Amino acid sequence: MSNTPADLNGPVPIKPTADPARLELAPAAMRKLGYEVVDALVDHFEHLSEKPATRHVPRADLKARLFSPPPEQPEPWETILEQVQHDVLSAVGLTTHPRFFAFVPSPSNFVSVMADCLASGFNVFAGNWMEGAGPSQVERTVIEWMRTWCGMPEDTGGVLVSGGSNANLTALATARHVKLRNDASRGVAYGSDQCHSSLVRGFRLLGFTTDQFVRLPSDENYRLSIDALRARVTADRQRGLHPFCVVANAGTTNTGAVDPLNELANFCAQENLWLHADGAYGAAAVLCEPGRQALAGIDRVDSLTIDPHKWLFQPYECGCVLVRKWSDLYQAFQVSAEYLDDALRVSEDVNFQDLGIQLTRSFRALKLWMSIRFFGLQAFRQAVLRGIELAQAAGERIAATDNMHVFSSPQLGIITFYYAQPGQTPEVANAVNLRIVDRALAEGLATVTSTTLRGRKVLRMCTINPRTTENDLRQTITYLAALGKQVS
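The rules we used
Residues numbered from 1 in each chain as written. Predicted model: local features only at pLDDT ≥ 70, side-chain atom pairs only at ≥ 80, totals over all residues. Heavy atoms only, no water. 1 Å grid on protein atoms, 1.4 Å probe; cavity = no way out; pocket = protein on both sides within 12 Å on 5 of 7 lines; lining within 4 Å. Points joined across faces, edges and corners; volume = space filled by probe spheres on them. Helix = DSSP H or I, 4+ residues; strand = E, 2+ residues; numbered from the N terminus. Nonpolar A, V, L, I, M, F, W, Y, C, P; charged D, E, K, R; others polar. Phe/Tyr/Trp six-rings, centres within 6.5 Å; stacked < 30°, edge-to-face > 60°. Buried < 20%, exposed > 50% of the residue type's maximum accessible area, 1.4 Å probe, protein only. Expected span 1.5 Å × (residues − 1). Contact = heavy atoms within 4.5 Å.

## Concerning the layout of surface pockets
Its volume calculated, the largest pocket comes out at about 780 Å³. For the largest pocket, the lining is made up of 25 residues, of which Leu41, His44, Leu89, Val92 and Leu94 are closest to its centre. Every element with two or more residues in the lining of the largest pocket is listed here: helix H1 (27-46) and helix H3 (77-88). Counting residues per element, the lining of the largest pocket draws most heavily on H1, at six residues. For the lining of the largest pocket, the residue count by class is 14 nonpolar, eight polar and three charged. Each pocket or cavity is described by its volume, and for the second largest pocket that value is around 370 Å³.

## Remarks on the packing of aromatic side chains
The tally for this structure, following the rule as stated, stands at ten aromatic pairs. Arranged with centres 5.2 Å apart and planes meeting at 15 degrees, the rings of Tyr281 and Trp311 form a pair that is stacked. Remark: Trp311 occurs in helix H11 (residues 308-311) and Tyr281 occurs in the loop between strand E5 (274-279) and helix H10 (289-294); sequence separation between them is 30 residues. Take Tyr281: its relative accessible area is 3%, and that puts it in the buried class. With centroids separated by 6.1 Å and ring planes inclined at 75 degrees, the aromatic side chains of Phe407 and Tyr418 adopt a geometry described as edge-to-face.

## Some remarks on helix H15 (residues 377-399)
Across its 23 residues, H15 extends 34 Å between first and last C-alpha, which sits within 8% of the 33 Å expected from 1.5 Å per residue. Burial in H15 covers these residues: Phe380, Ala383, Val384, Gly387, Ile388, Leu390, Ala391, Ala393, Ala394, Gly395 and Ile398. Where the residues of H15 are buried, they touch H10, H11, helix H14 (365-375), strand E8 (404-411), strand E9 (414-419) and helix H17 (470-487).

## Structural notes on the environment of Asn182
Counting through the fold element by element, Asn182 comes out in the loop between helix H6 (164-180) and strand E2 (187-192). Exposure remark for Asn182: the relative accessible area of 40% places this residue in the partly exposed category. The spacing of Asn182 and Gln358 is 176 residues in sequence and 19 Å in space, taken between C-alpha atoms. The contacts of Asn182, once residues within four sequence positions are left out, are Ala173, Arg176 and His177.

## Notes on empty space enclosed by the protein
Evaluated as defined, the whole model comprises one cavity of 30 Å³ or more. Estimates place the volume of the largest cavity at around 40 Å³. If you trace the largest cavity, you find it lined by Val159, Leu160, Val161, Asn166, Phe352, Gly356, Ile357, Gln358 and Arg361. Of all the elements, strand E1 (residues 157-161) adds the most residues to the lining of the largest cavity, at three residues. Considering only residue class, the lining of the largest cavity consists of five nonpolar, three polar and one charged.

## Considering the side chain of Thr156
When you line up the elements, Thr156 lands in the loop between helix H5 (133-150) and E1. Overall, Thr156 belongs to the buried group, its relative accessible area being 10%. Setting aside residues no more than four positions away along its own chain, Thr156 makes contact with Arg147, Leu322, Val323, Arg324 and Trp326.

Pasting the structure below:
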């Protein structure tokens, strides 16, 4: 039922003004259109748990519905909005859904959604102080918040980016500039076999060959081994190579594992290596006490990736990179141009266009700033803690369910497990668990995906959505066990 004000419920036409080439609507039409969009969003949030967690539609079906030449003449707004809801937004994985446990969910909130509407509607350019002084100060504020949460020094700087891939690339480019003066020919970096794929891509984009990023076997807890790292760095130096960077995991995507950050910081200080922590998923856990303990040493890294659109409950896109010395970030990226002279001349602060890849940047900071102010940091802290507790509850439920087995213990809101009946070989169990994933994706009650650990195909749940209830967990685990029985 529409909540549009009565004076807009009548025959207000939603169509372009008399001169369509101006791309404008009359004020009453804009209001009516806006209320209809808000009504659609409110209905979505209100009925989220009743929808399929994922709805897969074959490409041929979607192409038949959505692929057509652009119309020369206007189409009715009502027709367009109805198709968006029916054919486009219904064929997605609902990462805000309380039973969406795949990958890393993005359980956003309505205040941040409205903030994105404002940022988009005002079409803010957030690249320099001249064109975006207010937005620039808001971005500086939220970066200072994250710096403080992670305990990094006051000289730390940062920039908001699209997500973890961009943040990791930005940090690695800074490390290359500082430690190698941008000469990638003999540089070598190190991480564990649990490092995120974006790091491999980032090193490739920065001019390194595949073997210049050494992925060392992780230990029994899926953490980077200091002994293996030390041995490989020594051997590479003896071969005439130039070790320059270590990538630590601050909450892996696979298992939530955290590398030994304090030990790595000691080692990198001794060996004059840059220490980057990929906390795209896990770094936000510093807001609560269990997370702070798991992430001990995060304050000592040279650079850090953190994604507010994951465990800080923001809509896409909102990632962040923090660098211990902001001047390193500036020196790695600052490039001027004649047409930007005025922006530099009147600038009263560091321009974000000088701290990363993008010149044209959207106002990503507004949603984080507004939502934390609206709900309060305590609410965010409790929501993060809840994600950790839900993974622990899932582990207990899995252990108590016939033929379900915990594979890696809950860490920072992630647990892996598998279905196997007595006597099933690992090969058969692997096939069964993949069938479970396929059935779950097809049916849509809950969404989980698989990963591979120690040669085993295991199911994985990421429980960071504060909308998720223990009943959602119980229902999902019971459902997965039933699927396992059916497909075995």
